[in-house]
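# Survey of secondary and tertiary structure
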Amino acid sequence: MQTISSTVTLNNGVKMPVFGLGVFESGESTVPAVQCAIQNGYRLIDTAAFYLNEKEVGEAVRTCGVPREEIFVTTKVWNDMQRESRQREAFEKSLRELDMEYVDLYLVHWPIPGKIHETWKVLETLYEEKLVRAIGVSNFLEHHLEELSVKGNVAPAVNQFESHPYLNRKELRNYCLSQNIVPEAWSPLGRGAALEEPLLKELAEKYGKTPAQIILRYHVQNGVVPIPKSVREERIRQNAEVFDFALEGEELSRLEGLDRGDMHGDPDRVDW
Ligand code: A2P
């Protein structure tokens, strides 16, 4: 059985934890939330320049009592900095905010038309300079990944995209797995929308778990790294307790059947 600190090996040999904490909209609770997560075994923290809390993530990692090298920190280059060709500057600012010497994983936050190759070249340089241990993308569809595979030198290690029971992205997930790109799910709980779903309640009862834990276990068994966001101690702890049971194959299929295309951000229409 895996544990919360188990890892998946990325396409460049770097090991990334199979489960993490998201901090989008964690606001002033970011420091205690990250500290609580690390105390409960989380080893992956996912932030972004856009979230405006890299400083707090850095502070929490520095003060949590676990060595920096044991924590996997992800951040991302935001869209305006891509549009203005200021990707390098964006990274340097993130590093300053985090107050770290390197980032474990640096992602392109959204695919910006006409900028995909340019941004990727900057990430490749950061990787060559060993300022980042791995590079990847977020919100890339298959056609964006294909564009990169034609023009890039370094293959993306990770694709982080919106995925939850109401939007499972099965084809994209399988495409990523087939290309040795680790799929990572943002909004893995669908912002809480699916928690009242009868099937989740049924499985929660069967396993003595909560609907949120059933969803997170579903991601883990699909080979997807979930990064649920919570600022509440009890939920941070609860979300991590998904490594002591396993869903059956038929239950995973039933969960896939909940898909209804509920998408919050369409990667082909990025106007933010
Ligand atoms: P909170 O931070 O108050 O706990 P997602 O990661 O899918 O975007 O979901 C995050 C949302 O779900 C947040 O509103 C978070 O609120 C809530 N949430 C996180 N964990 C749980 C849980 N175990 N049960 C219910 N709601 C949760």
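Computed from a prediction, not measured in an experiment: that's the story for all the values here.

### Let's talk about the overall build of the chain
Along its length, the chain carries 11 helices and 10 strands. Taking 2.2 N^0.38 as the reference for a compact globule, 272 residues should give roughly 19 Å; the C-alpha atoms of the chain span a radius of gyration of 18 Å, in line with that estimate. Each of the three principal axes of the chain carries a C-alpha extent, and together these read 50 × 40 × 35 Å. Across the 272 residues that make up the chain, the buried fraction comes to 57%. Across the chain, the mean location of the 31 positive side-chain charges is 1 Å away from that of the 43 negative side-chain charges.

### Some thoughts on the nonpolar core
Generally speaking, nonpolar side chains in soluble globular proteins are found buried as a group. Ranked by internal contacts, the top residues of the largest apolar core, which has 71 residues, are F19 and L255. Setting aside its immediate chain neighbours within four residues, L255 contacts P165, L199, L200, L203, I214, Y218 and L247.

### Notes on the side chain of T75
Mapping T75 onto the fold places it in strand β5 (residues 72-77). A distance of 2.7 Å separates polar atoms of two side chains, one belonging to T75 and the other to E54. Setting aside its immediate chain neighbours within four residues, T75 contacts T47, A48, A49, E54, S94, L98, V103, L105, Y106 and L107.

### Describing helix α10 (residues 233-240)
All of the buried residues along α10 are I236, Q238, N239 and A240. Of the surrounding secondary structure, the elements contacted by the buried residues of α10 are β3 (21-22), α1 (30-39) and α9 (211-221).

### Brief notes about the site of the ligand
Among the 15 residues in the neighbourhood of the ligand, the closest are listed as L189, K229, S230, R235 and N239. At 3.0 Å from an oxygen atom of the ligand is found a side-chain nitrogen or oxygen belonging to R232. Within the side chain of Q238, a nitrogen or oxygen atom sits 3.0 Å from a nitrogen atom of the ligand. Relative to its unbound accessible area of 570 Å², the ligand is 82% covered by the protein chains. Take the shell around the ligand: its biggest share by element is three residues, from α10. Class assignment for the residues of the shell around the ligand results in six nonpolar, five polar and four charged.

### Structural notes on the packing of helix α4 (residues 87-98) against helix α5 (residues 116-128)
Where α4 meets α5, the closest approach of the two axes is 9 Å, and the angle between their N-to-C directions is 45 degrees. Overall, the two elements α4 and α5 adopt an arrangement that is oblique. Judged by the twist between their axes, the crossing of α4 over α5 is right-handed. Between α4 and α5, the residues in contact are Q87, R88 and F91 and E118, T119, V122, T125 and L126, respectively. In the contact of α4 with α5, the residues fall into three nonpolar, three polar and two charged.

### Quick word on α1
Most of α1 sits out of view: seven of its 10 residues are buried. Among the residues of α1, those classed as buried are T30, V31, A33, V34, C36, A37 and I38. Along its buried surface, α1 packs onto β3, β4 (44-46), α2 (54-63) and α10. Once α1 finishes, G41 follows within two positions and takes phi at roughly 100 degrees, a positive value.

### Some thoughts on the packing of helix α8 (residues 198-207) against helix α11 (residues 249-256)
α11 packs onto α8 with a crossing angle of 155 degrees between their chain directions and a minimal axis gap of 11 Å. Comparing their axes, α11 and α8 come out roughly antiparallel. In terms of crossing hand, the pair formed by α8 and α11 is left-handed. Contact residues: α8 offers L199, L200, E202, L203, K206 and Y207, while α11 offers E251, R254 and L255. Broken down by class, the residue content of the contact of α8 with α11 amounts to five nonpolar, no polar and four charged.

### Some points on the sheet that holds strand β8 (residues 158-162)
Here we have eight strands laid out as an open sheet, ordered β3-β4-β5-β6-β7-β8-β9-β10, and parallel in their pairing. Because the sheet does not close on itself, it has two edges, and the strands there are β3 and β10 (225-226). Pairing of strand β9 (residues 182-186) with β10, which is carried by two bridges, proceeds in the parallel orientation. Across the sheet, A185 pairs through a bridge with P226, a residue of β10.

Parameters and conventions
Numbers given for residues are sequential positions, taken from 1 along each chain in its written order. With pLDDT at 70 or above as the cut-off, local features in this predicted model cover only qualifying residues; side-chain atom pairs require 80 or more to be listed or tallied, and sums for whole chains, interfaces and linings still use all residues. As a rule here, side-chain values come from all non-hydrogen atoms in the structure, and water together with hydrogens is ignored. Helix and strand definitions follow DSSP, with helices as H or I runs of at least four residues and strands as E runs of at least two, each counted in order from the N terminus. This radius of gyration counts C-alpha atoms alone. The globule rule is 2.2 Å times how many residues there are, raised to the power 0.38. Each residue is assigned to one of three classes by its accessible area relative to the maximum for its type, calculated with a 1.4 Å probe on protein chains only: buried under 20%, partly exposed between the two thresholds, exposed over 50%. Positive charge is attributed to Lys and Arg, negative charge to Asp and Glu, and no charge count is given to His or to the chain ends. By convention, the point assigned to a charge is CZ for Arg, NZ for Lys, CD for Glu and CG for Asp. Remark: nonpolar core denotes a set of buried residues (Ala, Val, Leu, Ile, Met, Phe, Trp, Tyr, Cys) joined through side-chain atoms within 4.5 Å. Contacts are assigned to residue pairs that have any heavy atoms within 4.5 Å of one another. Each polar contact in these results corresponds to two N or O atoms within 3.5 Å; when the atoms are within protein, one needs to be able to donate a hydrogen and the other to accept it, and residues that are neighboring in sequence are counted only if both atoms are side-chain atoms. Nearness of a residue to a molecule or strand requires only that one of the residue's heavy atoms be within 4 Å of it. Residue burial considers only the protein chains on display, and all accessible areas are found by Shrake-Rupley using a 1.4 Å probe. When residues are sorted by character, Ala, Val, Leu, Ile, Met, Phe, Trp, Tyr, Cys and Pro go into the nonpolar class, Asp, Glu, Lys and Arg into the charged class, and all the rest, Gly among them, into the polar class. Under this scheme, a helix contributes an axis fitted over its contacting stretch, all axes are lines through C-alpha atoms, and angles between N-to-C directions fall in the 0 to 180 degree range. Working rule for angles: under 35 degrees goes down as roughly parallel, over 145 as roughly antiparallel, 65 to 115 as roughly perpendicular, anything else as oblique. Two helices cross in a left-handed way if the nearer one is turned anticlockwise from the farther one by less than a right angle. They cross in a right-handed way if the turn is clockwise. Strand pairing requires that DSSP identify at least two bridges connecting the strands.

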